[in-house]
Amino acid sequence: STSPAELNLENCDREPIHIPGSIQPHGALLAFDRLGRLSHASANVPALLGIPLEFGRTLRPGAFGDDAALEQLLQDTLADANSDELVTNSLEATLRGSTFDIVLHAQHGRVICEFERRAAAAGEVSTFAHLAYRAMDTLKRQRSIERLLDAAVIAVRQMTGFDRVMAYRFGHDDSGDVVAEACSDALEPYLGRRYPASDIPAQARRLYILNTLRLIADVGYEPVPLLADATQREPLDLSHSVLRSVSPIHIEYMKNMGMGASMSVSIVIGGRLWGMLACHHMAPLQVPYPIRMAVDVMAQVIASTVQSLAAKEREGAIARAAWLRTEIVRAIAVGGEVGEVVMRESPALRENLGCDALLVTLGGIPRAADHVHAAWAKALATWLAQHGDAALVHVFHGEQLPPPLPGQPEDERYCGVLALRFDAPRQGWIVGLRREVVQTIRWGGKPEKVIAHGPLGPRLTPRGSFAEWRETVRGQAEPWNDVELEIASQLLDSVGRAYADRVLEIDQLRS
Ligand code: BLA
């Protein structure tokens, strides 16, 4: 496997983070084979649990003191060890005077049993249960994805006590936007910022779909090594472990951000990582397991609510598009000029098609424009007249397009073009335009505030990785999504027909 010294920004998606060979020190780990024989243990087991490390043997009776419930649960979990399905059990127990949350999971012929030391005063369980219940209820009642996520970050902050809780939504290119945030007044808000896909490498995203919650209780921790029976050839797979030691690259990133603890919870929709709740604390923070589980359930409620809200938003957009189409067709039928009609509906159309500007051209000449620099509109109209082929809906990007002209203002530079040809012989186009993605994104950070560069490189800061991302997205616009493209092609269809009827009428009048 790759040692930390060999890791860098280019190969960090190859770090095998599921087999780190160590755990975080706020607990201890035991692993058993299907016969219940000890195969692996964290080096702190004797000190923390008072259990001697006798690899290849089953635990002696009474190894867990007189806690019969734990011994029974281990036996029950072992009975499920041959399942391909993941089986998870947990309970609270007191060993040698300390309270532990004990989490067992079985899969592929092995049981992993983790003992998490319960941090002081987790609060009244009943108070907490009420809090969690109320939060779920509030979440289900939200009517938009924005409000849902706003409510979610507030609830998670209340339940866990993190200094900062963010809802992070992934885009088509896996970059992530901070779309909701609840944070302490002492912190600079991150709301509205975007982070590049490379901040969470591919193998971590895959793991986070399987195991939806992780906690790094103390960024400054010393990992505790796992020891193994000499017959064990494979490193222990900690994909589903709650104590898994995390990537040193990520630890450095967090140190550079000045963090003391972090937790993140996946929002998985349709088997895809849709977003994440990401929590920061400036000091170490060990969130008790039951509270983490409540947050995990909450993330599932969020996922299903997002899914139904997204379906409603889609239906709403399609209904508004149908209404707009009717208006436009009616106006053209009574003799309105396409350019004029489109401009009259411009705000609603821009919203509906998700574009920043609109242009209508005919015969290679701009007829009407909204937020488009006149000289560039002319260049684009000429260019379109030369580039249209058989297709009716065209999507052009970046370098395919005419370059910006001298004097063209920054906010009227477009590099995403959705071009709808409503009249092929006369080169009539309705054109929706999108700005370069870099100009659309708010980046609120102050570069001079970046914390010291670590030994793994200067780019491992949010600010540094943003600079790199900015380079890779130059000349790109956000692509149009399926709903927008469908709306566009229906619009084109209706306008095309209304316009053809109009032209026919005029021709008939003339003859
Ligand atoms: C993991 N990176 C993560 C995680 C987050 C981020 C949330 C999940 C682990 C956790 O809960 O802390 C990224 N965290 C962010 C971002 C913000 C934040 C963007 O708070 C913004 C406010 N990270 C890098 C680079 C590499 C990298 C350049 O920035 C690789 C070269 C690696 N990130 C990396 C790895 C993991 C990770 C390897 C997995 C950690 C693990 O689970 O072991």
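Residues numbered from 1 in each chain as written. Predicted model: local features only at pLDDT ≥ 70, side-chain atom pairs only at ≥ 80, totals over all residues. Heavy atoms only, no water.

So what exactly am I meant to see when it comes to the site of the ligand here?
With respect to spatial proximity, 30 residues lie near the ligand, and among them Cys-12, Tyr-208, Ser-262, Ser-264 and His-280 are the closest. Between the ligand and the protein, one listed contact pairs a nitrogen atom with a backbone N or O atom of Asp-199 at 2.9 Å. The contact in question runs from an oxygen atom of the ligand to an N or O atom on the side chain of Ser-264, over 2.5 Å. Mapped onto the shell around the ligand, the elements with two or more residues apiece are β7 (164–170), α5 (202–210), β10 (213–216), α6 (248–256), β12 (261–269) and β13 (272–281). Among the elements that line the shell around the ligand, the one with the most residues is α6, at four residues. Of the residues that constitute the shell around the ligand, the class distribution is 20 nonpolar, six polar and four charged. (Near = heavy atom within 4 Å. Polar contact = N/O pair within 3.5 Å; in protein donor to acceptor, adjacent residues only side chain to side chain. Helix = DSSP H or I, 4+ residues; strand = E, 2+ residues; numbered from the N terminus. Nonpolar A, V, L, I, M, F, W, Y, C, P; charged D, E, K, R; others polar.)

What is the right way to look at the packing of helix α9 (residues 346–353) against helix α13 (residues 482–510) in this model?
As a packed pair, α9 and α13 sit with axes 9 Å apart at the nearest point and diverge in direction by 135°. The pairing of α9 with α13 is recorded here as oblique in orientation. Contacts from Leu-349, Asn-352 and Leu-353 of α9 reach α13 at Glu-484, Ile-487, Ala-488 and Leu-491. Residue composition of the contact of α9 with α13, by class: five nonpolar, one polar and one charged. (Axes fitted to C-alpha atoms, helices over the stretch in contact; angles between N-to-C directions. Parallel < 35°, antiparallel > 145°, perpendicular 65-115°, else oblique. Contact = heavy atoms within 4.5 Å.)

Help me understand the nonpolar core, please; the structure alone is not making it clear to me.
Nonpolar side chains in soluble globular proteins tend to be buried together. One finds Met-159, Met-263 and Ile-302 to be the most contacted residues of the largest nonpolar core, which totals 42 residues. In terms of residue count, the dominant contributor to this core is helix α7 (residues 289–333) (ten residues). In this view, Met-263 contacts Thr-160, Phe-162, Leu-213, Arg-214, Leu-215, Leu-277, Ala-278, Cys-279, Val-287, Arg-292 and Val-295; residues no more than four positions away in its chain are not counted. Core analysis: the second largest hydrophobic core is formed by 31 residues, Ala-331, Ile-332, Ile-430 and Val-495 among them. (Core = buried A, V, L, I, M, F, W, Y, C linked by side-chain atoms within 4.5 Å. Buried < 20%, exposed > 50% of the residue type's maximum accessible area, 1.4 Å probe, protein only.)

Is there a simple way to explain the sheet that holds strand β9 (residues 194–195) in this structure?
Within a beta sheet, neighbouring strands are joined by backbone hydrogen bonds and run either parallel or antiparallel to one another. Spatial strand order, β9-β8-β7-β13-β12-β10: six strands in an open sheet with antiparallel pairing. Because the sheet does not close on itself, it has two edges, and the strands there are β9 and β10. Across seven bridges, β7 lies against strand β8 (residues 176–183) in antiparallel orientation. By the bridge assignment, Val-165 is partnered in β8 with Ala-182. In this fold α7 packs onto β10, β12 and β13, with an angle of close to 35° to the strand it touches most, β12. (Pairing = 2+ DSSP bridges.)

Please explain the packing of helix α4 (residues 145–160) against α7 as it appears in this structure.
A pair of packed helices is characterised by two quantities: the angle between their axes and the separation of those axes. Two numbers describe how α4 lies on α7: the axes approach to 10 Å, and their chain directions differ by 175°. The angle between the axes of α4 and α7 places the two elements in the roughly antiparallel class. Of the residues in α7, those touching α4 at Ile-145, Glu-146, Leu-148, Leu-149, Ala-152, Ala-155, Val-156, Met-159 and Thr-160 are Ile-291, Ala-294, Val-295, Met-298, Ile-302, Thr-305, Val-306, Leu-309, Ala-310 and Glu-313. For the contact of α4 with α7, the residue count by class is 15 nonpolar, two polar and two charged.

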